[in-house]
Amino acid sequence: RSGCKSNKSAKNLHQQFLDKLTGLKLENDFLPLLEEGIRILFHSIYKDQLDEEQMLLTRKNEIIRKVEAIEERFAIGEITAELFEKYQAKYQYEIQYLLDFESRDSSFKRKIKDCIEFARQASQNPKLLWENGSIDQRTRLQLLLFPEGAIYDPQSGLIQVVRITDFFDGNESKKNQFKKTDHEKLPSIMNFTASEVLCGSLALKQKWTHSYISLHLANKECSPEYHKHLVEFMEDFCLLMVSAYLK
C-alpha cells in the first residue's frame, strides 16, 4: 500500500495470523464457565422475552385450574351444558395461544443450545472465528488471545506475538504460571445495547464469586488476582461468542 513502507500482502499477513491461532484452545477447566456465561448473557439480553414467558406460564396455570373447576361444577350439576361449552371454548382458545407461544419459546431454547455449541467449537479452534468473524470480532479475538499485542517485523516480514493469554492451552512458555497484566475492558459490543451488556456483566460477576470459581477450579490455585483476571477474560470472551453467533 502506498505510504505504509511495506509491500507485504494482506493475504500473507492473514495467513500468518491464522498460523498463530493453530493449536490454541480454551483450557478444558474453563469450558463449564463458557457454557454458563452464555446462558447468563442470553437471559440478560432476552430478559423481556423471558419475563413475558413467565407471565404467560402463570396465566396458563390459572386457565388450567379454571378448566378443572368448570368440569367439576358441570359434573355435579352446578352449571348447565350451555355454560360449560361456552367457557370451555373460551379457555381452550387461550390455552392454544399459550401452546403456540411455548413452541416459539422452544426455538429460543434451541438458540441458546446452538450458541453454546458454536462457542465450544470456536473456543477449541479460534481460527473459525477469525476466518468468519467481522473486523470488530477479529480485533476483539486478537486482544483477548494476545493481550500484549501482535507486532509486524518489517525486516523478517513476520508477525510476532509477545504473549498468549494465560487461559488458553497452546502457550508453551507459560507453564501454568499466571502473569499479571493490566486488563483493559473492551468497548461495548455493537450487537448489544449498553444496558444489556451492563446487566449481563453484573449477572456474571454475581455468579462468579471467588469461592464459586475456586470450587470449580479445584486443581488450580485461585488467588484473588487470578480470579479477577479470569472473570474479566471470560466475561469478554462470552460476550464475543454471543455477538459472533447472533451476527
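Because the structure is predicted, anything quoted here is derived from the model rather than measured.

*Asks:* Sorry, what's going on with the overall build of the protein here?
*Replies:* Looking only at helices and strands, one finds 9 helices and 4 strands in the protein. The N-to-C order of helical and strand elements in the protein reads α-β-α-α-α-α-α-β-β-β-α-α-α. The buried share of the protein, taken over its 247 residues, is 37%. Partitioning the intrachain contacts of the protein with sequence separation of at least 6 by distance along the chain shows that 73% fall at a separation of at least 24. With the model as given, the accessible surface of the protein reaches about 14,900 Å², and the carbon-plus-sulfur share is 52%.

*Asks:* Explain the packing of helix H6 (residues 135–145) against helix H9 (residues 224–246) here, please?
*Replies:* Any two packed helices are characterised by the angle at which their axes cross and by the distance between the axes. In the contact formed by H6 and H9, the axes pass within 11 Å of each other and the chain directions differ by 155°. Here H9 runs roughly antiparallel to H6, going by the angle between their axes. Regarding H6 and H9, the two cross each other, and that crossing is left-handed. Along its contact with H6, which presents Gln137, Arg140, Leu141 and Leu144, the element H9 presents Phe233, Asp236, Phe237, Leu240, Ser243 and Ala244. When the residues that make up the contact of H6 with H9 are grouped by side-chain class, the tally is 6 nonpolar, 2 polar and 2 charged.

*Asks:* What should I look at first to understand H9 in this one?
*Replies:* At 3.6 residues per turn, the α-helix brings residues three or four places apart onto the same side. End to end, H9 covers 33 Å across 23 residues, agreeing with the expected 33 Å (1.5 Å per residue, within 8%). With 18 of 23 residues buried, H9 is to be regarded as a mostly interior element.

*Asks:* I'm lost on the pairing of strand E2 (residues 150–153) in this one. Help?
*Replies:* The side chains of a regular strand alternate between both faces of the sheet. The pairing of E2 with strand E3 (residues 158–161) spans 4 bridges and is antiparallel. Pairing of Ile151 across the sheet is with Gln160, part of E3. Remark: 4 residues form the turn of the hairpin made by E2 and E3, two consecutive strands paired antiparallel; Gly157 in that turn has positive phi of roughly 75°.

*Asks:* How should I be thinking about the packing of aromatic side chains in this particular structure?
*Replies:* Summed over all chains, the structure comprises 11 aromatic pairs. Measuring from ring centre to ring centre gives 5.5 Å for Phe17 and Phe146, while their planes differ by 85°; the resulting arrangement is edge-to-face. Residue Phe17 is located in helix H1 (residues 10–21), and its partner Phe146 is located in the loop between H6 and E2; the two are separated by 129 residues in the primary sequence. On the accessibility criterion, Phe17 (3% relative accessible area) is buried.

Rules of the game
- Residues numbered from 1 in each chain as written.
- Predicted model: local features only at pLDDT ≥ 70, side-chain atom pairs only at ≥ 80, totals over all residues.
- Heavy atoms only, no water.
- Helix = DSSP H or I, 4+ residues; strand = E, 2+ residues; numbered from the N terminus.
- Buried < 20%, exposed > 50% of the residue type's maximum accessible area, 1.4 Å probe, protein only.
- Contact = heavy atoms within 4.5 Å.
- Areas by Shrake-Rupley, 256 points an atom, 1.4 Å probe, with all protein chains shown as cover.
- Axes fitted to C-alpha atoms, helices over the stretch in contact; angles between N-to-C directions.
- Parallel < 35°, antiparallel > 145°, perpendicular 65-115°, else oblique.
- Left-handed = near helix turned anticlockwise from the far one by under 90°.
- Nonpolar A, V, L, I, M, F, W, Y, C, P; charged D, E, K, R; others polar.
- Expected span 1.5 Å × (residues − 1).
- Pairing = 2+ DSSP bridges.
- Phe/Tyr/Trp six-rings, centres within 6.5 Å; stacked < 30°, edge-to-face > 60°.

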